[in-house]
Amino acid sequence: ITGEEPASPDKPFDPIQLDRKEVELLQLMLGNVELIDIAFENVAPDQFAEGPLKQIYLRAMDLYHDGVDATYDDLILSIEEDLESMRNLLFFLQEESEQKNTYAENATETPPSPRDQIETIIEAFNNIGAETGKRALISSLEQRELDEQEEARKLEELLNETRRRQGLSAPMDG
């Protein structure tokens with residue numbers, strides 16, 4: 001949830017306020033059970049914002065570690081009846097996943113494979129962590145918390161990371 005306060009699992013959800021990468025990861029997991037282990041290996045629960053999507057991800061992870069496939073049916077059965085809004089959110093995720101799969105089957109152009117989609121989403125999760133670290137580094141540079149050598153080293157790291165993410169090579173000397 002991107003709102004000011006985290007939603008509890010028993011409050012209604014607003015689909016517009018849900019984090020798209022979290023929604024898409026869960027939808028891919030629901031529609032492609034074979035991708036669940038890839039998701040769990042690459043996206044930690046703490047990479048989710050607090051809220052019902054994180055609760056569903058944690059629930060799926062618990063089921064998976066207990067040897068259950070964590071399909072829609074398994075998840076819906078594991079959610080207690082008093083958490084109606086979480087069940088509604090799970091239903092919403094499943095419905096959207098099915099609609100996307102139907103659209104992909106009927107598309108005139110070949111859509112990206114679920115495996116390609118999950119890799120893109122995992123990259124988005126990882127970029128958030130990198131951006132947070134970059135902001136902390138820039139803040140420490142602006143506040144002049146580092147000595148000259150440390151500052152130069154950090155600036156070079158920042159430059160190299162930016163080049164790597166943009167697919168640029170380092171300039172040649174000479």
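Computed from a predicted structure; not experimentally measured.

A. A look at the overall build of the protein. Looking only at helices and strands, one finds seven helices and zero strands in the protein. Reading the helices (α) and strands (β) of the protein from amino to carboxyl end gives α-α-α-α-α-α-α. For the protein, buried positions account for 32% of its 174 residues. Nonlocal contacts in the protein, meaning residues at least 24 apart in sequence, comprise 62% of its contacts between residues at least 6 apart. Carbon and sulfur atoms provide 48% of the accessible area of the protein, an area that totals close to 11200 Å².

B. Here's a closer look at helix α5 (residues 84-106). Taking 1.5 Å of rise per residue, the 23 residues of α5 would be expected to cover 33 Å, and the 33 Å separating its terminal C-alpha atoms lies within 8% of that figure. Among all positions of α5, only Ser-85, Met-86, Leu-89, Leu-90, Phe-92, Leu-93, Gln-94, Glu-96 and Ser-97 are buried.

C. Examining the packing of aromatic side chains more closely. Counted by the stated rule, this structure contains four aromatic pairs. Aromatic side chains Phe-40 and Tyr-57 sit 5.2 Å apart centroid to centroid with 70 degrees between the ring planes, which places their arrangement in the edge-to-face category. In this pair, Phe-40 sits in helix α2 (residues 36-42) while Tyr-57 sits in helix α3 (residues 52-65), placing the two residues 17 residues apart along the sequence. Here Tyr-57 falls in the buried class, since its relative accessible area comes to 0%. Here the aromatic rings of Phe-48 and Phe-125 are separated by 5.4 Å at their centres, their planes lie at 35 degrees, and the arrangement is tilted. A residue pair is termed long-range when its members are at least 10 positions apart, and Phe-48 in the loop between α2 and α3 and Phe-125 in helix α6 (residues 114-142) qualify at 77 residues. Phe-125 shares its class with Phe-48; the two are buried. Each member of the aromatic cluster is reached from another via a ring pair, and the members are Phe-40, Phe-48, Tyr-57, Tyr-64 and Phe-125. Directly above the ring of Phe-125 sits Lys-21, whose terminal nitrogen or CZ lies 5.0 Å from the centroid.

D. Seen up close, the pattern of salt bridges. As enumerated under the stated definition, the model contains five salt bridges in all. Among the ionic pairs, Arg-115 bridges to Glu-119, the shortest N-O distance being 3.7 Å. With Arg-115 and Glu-119 both in helix α6 and four residues apart, the pair spans about one turn of that helix. Overall, Arg-115 belongs to the partly exposed group, its relative accessible area being 46%. Residue Glu-119 is classed as partly exposed on the basis of its relative accessible area, which comes to 41%. Shared partners join several salt bridges into a network, and the residues in it are Arg-20, Glu-24 and Glu-96.

E. Structural detail: α3. Spanning 14 residues, α3 covers 20 Å between terminal C-alpha atoms, matching the ideal 20 Å at 1.5 Å per step. Taken residue by residue, α3 has Pro-52, Leu-53, Lys-54, Ile-56, Tyr-57, Ala-60, Met-61 and Leu-63 as its buried positions. In this fold, the buried residues of α3 make contact with α1 (20-31), α2, α4 (72-78) and α5.

F. Summary view of the packing of α1 against α3. Look at α1 against α3: their axes get within 10 Å of each other, and the N-to-C directions meet at 30 degrees. The pairing of α1 with α3 is recorded here as roughly parallel in orientation. For the pair α1 and α3, the sense of crossing is left-handed. Side by side, α1 and α3 meet where Glu-22, Val-23, Leu-25, Leu-26 and Met-29 of the first sit next to Leu-53, Ile-56, Tyr-57 and Ala-60 of the second. Looking at side-chain class alone, the contact of α1 with α3 contains eight nonpolar, no polar and one charged residues.

G. Molecular detail of the packing of α3 against α5. At a minimum axis distance of 10 Å, the contact between α3 and α5 shows a crossing angle of 80 degrees. Compared by their axis directions, α3 and α5 come out roughly perpendicular. Where α3 abuts α5, its residues Pro-52, Leu-53, Gln-55 and Ile-56 lie against Met-86, Leu-89, Leu-90 and Leu-93. Here the contact of α3 with α5 is composed, by residue class, of seven nonpolar, one polar and no charged.

Cut-offs and rules
- Residues numbered from 1 in each chain as written.
- Predicted model: local features only at pLDDT ≥ 70, side-chain atom pairs only at ≥ 80, totals over all residues.
- Heavy atoms only, no water.
- Helix = DSSP H or I, 4+ residues; strand = E, 2+ residues; numbered from the N terminus.
- Buried < 20%, exposed > 50% of the residue type's maximum accessible area, 1.4 Å probe, protein only.
- Contact = heavy atoms within 4.5 Å.
- Areas by Shrake-Rupley, 256 points an atom, 1.4 Å probe, with all protein chains shown as cover.
- Expected span 1.5 Å × (residues − 1).
- Phe/Tyr/Trp six-rings, centres within 6.5 Å; stacked < 30°, edge-to-face > 60°.
- Lys NZ or Arg CZ within 6 Å of the ring centre and 35° of its normal.
- Salt bridge = Lys/Arg side-chain N within 4 Å of Asp/Glu carboxyl O.
- Axes fitted to C-alpha atoms, helices over the stretch in contact; angles between N-to-C directions.
- Parallel < 35°, antiparallel > 145°, perpendicular 65-115°, else oblique.
- Left-handed = near helix turned anticlockwise from the far one by under 90°.
- Nonpolar A, V, L, I, M, F, W, Y, C, P; charged D, E, K, R; others polar.

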